[in-house]
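So the chains spell out like this:
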Amino acid sequence: MLINSDILTEFSNLIAENKSNSFEGELKTGVDLGTANIVVSVVDANNNPIAGATYPSTVVKDGIVVDFVGAINIVKNLKAKVEEIIGRELLTAATAIPPGIISGNVKCISNVVEAAGFEVINVVDEPTAAARVIDIKDGAVVDVGGGTTGISILKDGQVIFTADEATGGTHMTLVLAGYYGISIREAEELKKDPKKDKDIFPIIKPVVQKMASIVKRYLNGYDVSEIYVVGGASSFEEFNDVFEKEIGIKTIKFNEPLLVTPLGIAMNCNRG
Ligand SMILES: Nc1ncnc2c1ncn2[C@@H]1O[C@H](COP(=O)(O)OP(=O)(O)OP(=O)(O)O)[C@@H](O)[C@H]1O
Ligand SMILES: [Mg+2]
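Only a predicted model underlies this, so the values are computations on that prediction, with no experimental measurement involved.

Draft legend 1. Geometry of the domain arrangement of the chain. Partitioning the chain into domains gives domain 1 (2-131 + 259-267) and domain 2 (134-256). With 22 residues of domain 1 at the contact, the number on the domain 2 side is 23 residues. Where domain 1 abuts domain 2, roughly 1,700 Å² becomes buried across the two surfaces, and 58% of that area is made up of carbon and sulfur atoms. Our count for the domain 1 to domain 2 interface comes out at 0 salt bridges. Our count for the domain 1 to domain 2 interface comes out at 11 residue pairs in polar contact (both at pLDDT 80 or more). In terms of residue count, helix α4 (residues 126-134) provides more of the side of domain 1 that touches domain 2 than any other element does, 5 residues in total. Looking at the side of domain 1 that touches domain 2 residue by residue, the classes come out as 11 nonpolar, 8 polar and 3 charged.

Draft legend 2. The UniProt feature "domain: SHS2" (unreviewed entry) in the chain, seen in detail. Following the UniProt record, the feature "domain: SHS2" (unreviewed entry) maps to residues 28-134 here. Taken end to end, residues 28-134 is 38% helix and 36% strand, and its first and last C-alpha atoms sit 18 Å apart.

Draft legend 3. Layout of the site of ligand 1. In the neighbourhood of ligand 1, 19 residues make up the surrounding shell, with Thr35, Ala36, Asn37, Glu188 and Lys191 lying closest. Within the backbone of Gly146, an N or O atom sits 3.1 Å from an oxygen atom of ligand 1. Ala233 places a polar main-chain atom, nitrogen or oxygen, 3.2 Å from an oxygen atom of ligand 1. Look at ligand 1: alone it shows 650 Å² of surface, and the protein chains cover 89% of it.

Draft legend 4. Fine view of the sheet that holds strand β4 (residues 49-56). As summarised here, the arrangement of the 5 strands in space is β4-β3-β2-β7-β8, forming an open sheet in which the pairing is mixed. One side of each edge strand has no neighbouring strand; the edge strands of this open sheet are β4 and β8 (119-125). Averaged over all pairs of adjacent strands, the angle between their axes in this sheet comes to 20°, without regard to strand direction. Across 6 bridges, the pairing between strand β7 (residues 92-97) and β8 is parallel. Among the inter-strand pairings, Thr92 is bridged to a residue of β8, identified as Glu119. Seen against the sheet, helix α1 (residues 6-16) touches β3 (37-44) and β4 and runs at an angle of roughly 60° to β4. Packed onto the sheet, helix α3 (residues 103-115) meets β2 (27-33), β7 and β8 and runs at close to 150° relative to β7.

Draft legend 5. Broad picture of the pairing of β4. When β3 meets β4, the two strands line up antiparallel, connected through 7 bridges. Within the sheet, the bridge partner assigned to Ile38 lies in β4 and is Tyr55. Following β3, the chain reverses through 4 residues before pairing antiparallel with β4; Asn47 in that reversal takes a positive phi of roughly 65°.

Draft legend 6. Examining unusual backbone geometry more closely. With a phi angle near 65°, Asn47 is a residue other than glycine that sits in the positive phi range. Examined against the element boundaries, Asn47 turns out to sit in the loop between β3 and β4. Here Asn47 falls in the buried class, since its relative accessible area comes to 16%. The backbone phi angle of Asp156 is positive, close to 50°, even though this residue is not glycine. With respect to the element layout, Asp156 can be found in the loop between β10 (149-155) and β11 (158-165).

Draft legend 7. Local environment of the packing of helix α2 (residues 68-86) against α3. Axis separation between α2 and α3 bottoms out at 8 Å; the angle between their running directions is 50°. Taken together, α2 and α3 sit at an angle that is classed as oblique. Once α2 is placed against α3, the crossing between them reads as right-handed. Between α2, through Phe68, Ala71, Ile72, Val75 and Lys76, and α3, the contact on the second element is made entirely by Cys108, Val112 and Ala115. For the contact of α2 with α3, the class distribution of residues is 7 nonpolar, no polar and 1 charged.

Draft legend 8. Main features of the packing of aromatic side chains. Using the criterion set out here, one finds 6 aromatic pairs in the structure. Each ring, one from Tyr228 and one from Phe254, has its centre 6.4 Å from the other, and the planes form 25°; the classification is stacked. Here Tyr228 is found in strand β12 (residues 226-230), whereas its partner Phe254 is found in strand β13 (residues 250-254), with 26 residues between them in sequence. Considered together, Tyr228 and Phe254 belong to a single accessibility category, that of buried residues. Members of the aromatic cluster, joined through ring pairs, are Phe161, Tyr218 and Tyr222. When the ring centre of Phe118 is taken as reference, the NZ or CZ atom of Lys79 above it lies at 5.2 Å.

Conventions used here
Residues numbered from 1 in each chain as written. Chains lettered and ligands numbered in written order. Predicted model: local features only at pLDDT ≥ 70, side-chain atom pairs only at ≥ 80, totals over all residues. Heavy atoms only, no water. Domains from an automatic or database assignment. Contact = heavy atoms within 4.5 Å. Buried area = accessible area lost by both parts, 1.4 Å probe. Salt bridge = Lys/Arg side-chain N within 4 Å of Asp/Glu carboxyl O. Polar contact = N/O pair within 3.5 Å; in protein donor to acceptor, adjacent residues only side chain to side chain. Helix = DSSP H or I, 4+ residues; strand = E, 2+ residues; numbered from the N terminus. Nonpolar A, V, L, I, M, F, W, Y, C, P; charged D, E, K, R; others polar. UniProt positions renumbered as here; feature names shortened; annotations may be inferred. Near = heavy atom within 4 Å. Areas by Shrake-Rupley, 256 points an atom, 1.4 Å probe, with all protein chains shown as cover. Pairing = 2+ DSSP bridges. Axes fitted to C-alpha atoms, helices over the stretch in contact; angles between N-to-C directions. Buried < 20%, exposed > 50% of the residue type's maximum accessible area, 1.4 Å probe, protein only. Parallel < 35°, antiparallel > 145°, perpendicular 65-115°, else oblique. Left-handed = near helix turned anticlockwise from the far one by under 90°. Phe/Tyr/Trp six-rings, centres within 6.5 Å; stacked < 30°, edge-to-face > 60°. Lys NZ or Arg CZ within 6 Å of the ring centre and 35° of its normal.

As structure tokens, then:
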């Protein structure tokens, strides 16, 4: 099942058009340091999207910052860009960590955001951020990003289980590169072309089936009636159908899967 969320469409349009919604009062900012994309998101006190900016990342690998100076510069530039769009300085931010990350790396991530000029007032885990946008209290959130797939189970609004597995969009790209005998860069472009979805999905389907079998193993023993898939690598039209078939649990996907977690981080920008 695909849910077309108006708030995600609106946020995506603001980013694409470098525009801001009108606002008054306090603003909340989120910084997502992803393996594939870095996103700065801004919402108002009622969690309406106000503005955002995104930049492809090579500075974070699977939740670990591998290029500090590069990461700081990207966040600084995105901060400046969004500040120019909205005409106001952004002082505080929330950021997020993948599930299961060790505490030293948490500090690294918030250090980058601080060095870019924000006061970090909250560090949330990614699935909690995503759950805020999709407005759920129960179920499993599976965030299929570039380098990793985060799995979390929520019950009564609390995260009761998390895991992180080293599989994601990068693996799909590698499979395509091998299959067609093309470079990784070419395979990445091919993969993200919606017009090629039907041609390439059969080739990467085994990767999706493998992801589903990993998720199924983690969900074993928990009472989960719905799975919500987010993250860029869940963009394929049939992605959720494969999950549903492999796992046997209703799987729901969103338009703009890349933006769910980033928007949710901004919504969580409250002093803890
Ligand atoms: N239209 C698309 N079709 C297929 N895959 C896509 C599409 N758009 C983006 N992706 C893939 O999604 C992944 C990036 O997703 P996302 O931005 O959620 O990851 P990230 O948050 O940066 O990474 P991580 O969460 O692993 O740190 C990349 O592998 C990218 O190739
Ligand atoms: Mg991510």
